[in-house]
Amino acid sequence: NAGVTQTPKFQVLKTGQSMTLQCAQDMNHEYMSWYRQDPGMGLRLIHYSVGAGITDQGEVPNGYNVSRSTTEDFPLRLLSAAPSQTSVYFCASRGTGTNSPLHFGNGTRLTVT
Amino acid sequence: AQSVTQLGSHVSVSEGALVLLRCNYSSSVPPYLFWYVQYPNQGLQLLLKYTTGATLVKGINGFEAEFKKSETSFHLTKPSAHMSDAAEYFCAVSDGPGNQFYFGTGTSLTVIP
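Residues numbered from 1 in each chain as written. Chains lettered and ligands numbered in written order. Predicted model: local features only at pLDDT ≥ 70, side-chain atom pairs only at ≥ 80, totals over all residues. Heavy atoms only, no water.

S.K.: What is the right way to read the pattern of salt bridges from this model?
M.R.: It is possible for side chains bearing opposite charge to pair when their charged atoms get close. By the definition in use, this model includes four salt bridges over all chains. Note that Asp38(A) and Arg44(A) form a salt bridge whose closest N and O atoms lie 2.8 Å from each other. Considered together, Asp38(A) and Arg44(A) belong to a single accessibility category, that of buried residues. Two residues, Lys58(B) and Glu64(B), come together in a salt bridge whose shortest N-O distance is 2.9 Å. (Salt bridge = Lys/Arg side-chain N within 4 Å of Asp/Glu carboxyl O. Buried < 20%, exposed > 50% of the residue type's maximum accessible area, 1.4 Å probe, protein only.)

Structural data, given as structure tokens:
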């Protein structure tokens, strides 16, 4: 059981380039989300989805797009990378139980030069 | 919106000493509270989660957390620190099933041999 899988693990972009961070889960979770982690700031929610075809913005959505065409996949797109988007990105999913925890991927470390 | 506050961004303890990491949450009924651990260059792993009606919640690796409604606290403890406990610890609260998680800014635990 793979859980939440993120690719790539590392990425370096130049300012203005675009890319997609991939996230897939095999637990049949309806809820999926993207966070960025920056020193001293904890985890901040970028976008989330409560099911296929449904997405919504989190705390820091600017500069990022998402879509949810299947239950399994929730890619995060950077439209035009900026140095401020240098961060570690985590994808997470959760089940529908009352007290269901978030299950995290191992992260993507992105550097924008 | 929910929120959690972690007091102390860095905590150092000697090996074998008591570990106490503090977390206070914004009042809500019912609170869905969690503690996560993050080892270097890894994703977040669930340590434990609050169960409604419990005052003491046991987690993995010998950690436990005490829920005190009167103090809106959910502090994490371990009686005897081990070198392998050195990591970043995050407290989190959820609105409920299918809703967002809100994370504290994290506490970095150093264990001194």
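Back to the text.
S.K.: What am I meant to see in the state of the cysteines here?
M.R.: Simply put, the disulfide is a covalent bond whose two ends are the sulfur atoms of two cysteines. Residues and elements named next belong to chain A. For the coordinates displayed, the defined rule picks out two disulfides over all chains. Here Cys-23 pairs with Cys-91 through a disulfide, and the sulfurs are 1.9 Å apart. With the S-S bond torsion at -70 degrees, the cross-link from Cys-23 to Cys-91 turns out left-handed. With Cys-23 in strand S3 (residues 19–25) and Cys-91 in strand S9 (residues 87–94), this pair connects stretches of sequence that are 68 residues apart. Accessibility assignment for this pair places Cys-23 and Cys-91 in one class, buried. (Disulfide = S-S within 2.5 Å. Helix = DSSP H or I, 4+ residues; strand = E, 2+ residues; numbered from the N terminus.)

S.K.: Sorry, what's going on with the layout of surface pockets here?
M.R.: For the largest pocket, the calculated volume is near 560 Å³. Residue lining of the largest pocket: 30 residues in total, with Gln37(A), Val88(A), Arg109(A), Gln38(B) and Asn41(B) positioned closest to the centre. Put simply, the parts of the chain that give the lining of the largest pocket at least two residues each are strand S4 (31–38), S9 and strand S11 (108–112) of chain A together with strand S9 (87–94) and strand S11 (107–112) of chain B. Residue composition of the lining of the largest pocket, grouped by class: 10 nonpolar, 16 polar and four charged. The computed volume of the second largest pocket comes to approximately 150 Å³. Taken together, 13 residues form the lining of the second largest pocket, with Leu43(A), Arg44(A), Glu59(A), Tyr102(B) and Phe103(B) sitting closest to its centre. Breaking the lining of the second largest pocket down by element, the ones donating at least two residues are strand S5 (42–51) of chain A together with strand S10 (101–103) of chain B. By residue number, the principal contributor to the lining of the second largest pocket is S5(A), which donates four residues. Residue classes in the lining of the second largest pocket are distributed as seven nonpolar, four polar and two charged. (1 Å grid on protein atoms, 1.4 Å probe; cavity = no way out; pocket = protein on both sides within 12 Å on 5 of 7 lines; lining within 4 Å. Points joined across faces, edges and corners; volume = space filled by probe spheres on them. Nonpolar A, V, L, I, M, F, W, Y, C, P; charged D, E, K, R; others polar.)

All we've got here are geometric facts, nothing functional implied.
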